[in-house]
Amino acid sequence: MELKVPPVLVFLCFGLMMYLLAEFLPIGYFDFYGRMLLAKILVGAGIIIVMLALIQFKMSKTTVDPTKPDKASNLVVGGIYKFSRNPMYLAMLLLLLALGIFLGNAFNTLVAAGFVAYMNRFQIIPEEQILLNKFGRTFKDYCILTRRWF
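Sequence order sets the numbering: in each chain, residues are counted from 1 along the sequence as written. The predicted nature of this model means local features are confined to residues of pLDDT at least 70 and side-chain atom pairs, given and counted, to a pLDDT of 80 or more, with totals for whole chains, interfaces and linings taken over all residues. Based on all heavy atoms of the structure, the side-chain values leave hydrogens and waters out of the count.

J.: Help me out: how do you make sense of a nonpolar patch on the surface in this one?
T.: Residues V43, I47, M51, L54, I55, M59 and V64 make up a contiguous nonpolar surface patch of about 620 Å² in total accessible area. Take M51: it is sitting in helix α2 (residues 35–60). Partly exposed describes any residue whose relative accessible area lies between the buried limit of under 20% and the exposed limit of over 50%, with all areas from a 1.4 Å probe on protein chains only and scaled to the type maximum. M51 gets classed as partly exposed once you look at its relative accessible area, which sits at 43%. The patches reported here contain residues having more than 30% relative accessible area and no salt bridge. Joining distances are 9 Å for like charges and 5 Å for nonpolar side chains (Val, Leu, Ile, Met, Phe, Trp, Tyr). Here the Shrake-Rupley method, with its probe set to 1.4 Å, supplies the accessible areas, and only the displayed protein chains count as covering residues. One speaks of a salt bridge when a side-chain nitrogen belonging to Lys or Arg is within 4 Å of a carboxyl oxygen belonging to Asp or Glu. Strands are runs of DSSP state E lasting at least two residues, helices are runs of H or I lasting at least four, and both sets are numbered from the N terminus onward.

Here it is in structure tokens:
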């Protein structure tokens, strides 16, 4: 299962779970002043982060295919990657949090936490092992200096 399911598909499945949870769970609804504004801010932040990450991969002329990290030709460590080793996954998390806030069900935070757990276990850890084998000490040093999510 590791690196087999594209992260975008995982993201969509977790988003669907959030929708179904909010739709059919009769408890957990919340509302607060500025809820929609906060959701919009999270969407904006997510879009900006993913665009910056994609631009950096394009400029580095390396693959963006997360199911084939062994095809990476360069290790991207600058720009947004100074702050997060996985800004694209962070962007997906921000979009899920925005969806959870938009839907207004407190239990969606558990679904978002499940997304983080799934991505760590089945995507990020296998990716990191491949990148460590490919880039060696350079990647190890990068991991020491840069956090996995944020």
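J.: Just to check I follow, could you spell out the packing of aromatic side chains for this structure?
T.: In this description, an aromatic ring pair is defined by two values, namely the gap between the centres and the angle between the planes. Ring geometry is summarised as follows: Phe, Tyr and Trp rings, the Trp one being its six-membered ring, pair when their centres sit within 6.5 Å, and such pairs are stacked at plane angles under 30 degrees, edge-to-face over 60 and tilted between the two. Summed over the entire model, instances satisfying the criterion amount to six aromatic pairs. With 4.9 Å between their ring centres and 35° between their planes, Y118 and F122 make a pair best called tilted. Placement of both Y118 and F122 in helix α4 (residues 108–135) is noted, with a separation of four residues, approximately one turn of the helix. Exposure remark for Y118: the relative accessible area of 15% places this residue in the buried category. Ring centres 6.3 Å apart and planes at 50° place the aromatic pair F139 and Y142 in the tilted group. Of the two residues, F139 and Y142 both sit in helix α5 (residues 137–145), three residues apart, roughly one turn of that helix.

J.: Hey, could you run me through the packing of α4 against α5 in this one?
T.: A packed helix pair is summarised by two numbers, namely the angle formed by the two axes and the spacing between the axes. Where α4 contacts α5, the two axes come as close as 6 Å, and the packing angle between them is 130°. One way to sum up the angle between α4 and α5 is to call them oblique. Along its contact with α4, which presents E128, L131, L132 and F135, the element α5 presents R137, T138, F139 and K140. Within the contact of α4 with α5, the residues separate by chemical class into four nonpolar, one polar and three charged. Every axis corresponds to a line fitted to the C-alpha atoms, with the helix fit spanning only the stretch in contact, and the corresponding angles, defined between N-to-C directions, vary from 0 to 180 degrees. The scheme is simple: roughly parallel for angles under 35 degrees, roughly antiparallel for over 145, roughly perpendicular for 65 to 115, oblique for anything else. Any two residues having at least one pair of non-hydrogen atoms within 4.5 Å are treated as being in contact. Three categories are distinguished: nonpolar for Ala, Val, Leu, Ile, Met, Phe, Trp, Tyr, Cys and Pro, charged for Asp, Glu, Lys and Arg, and polar for the others, with Gly belonging to the last.

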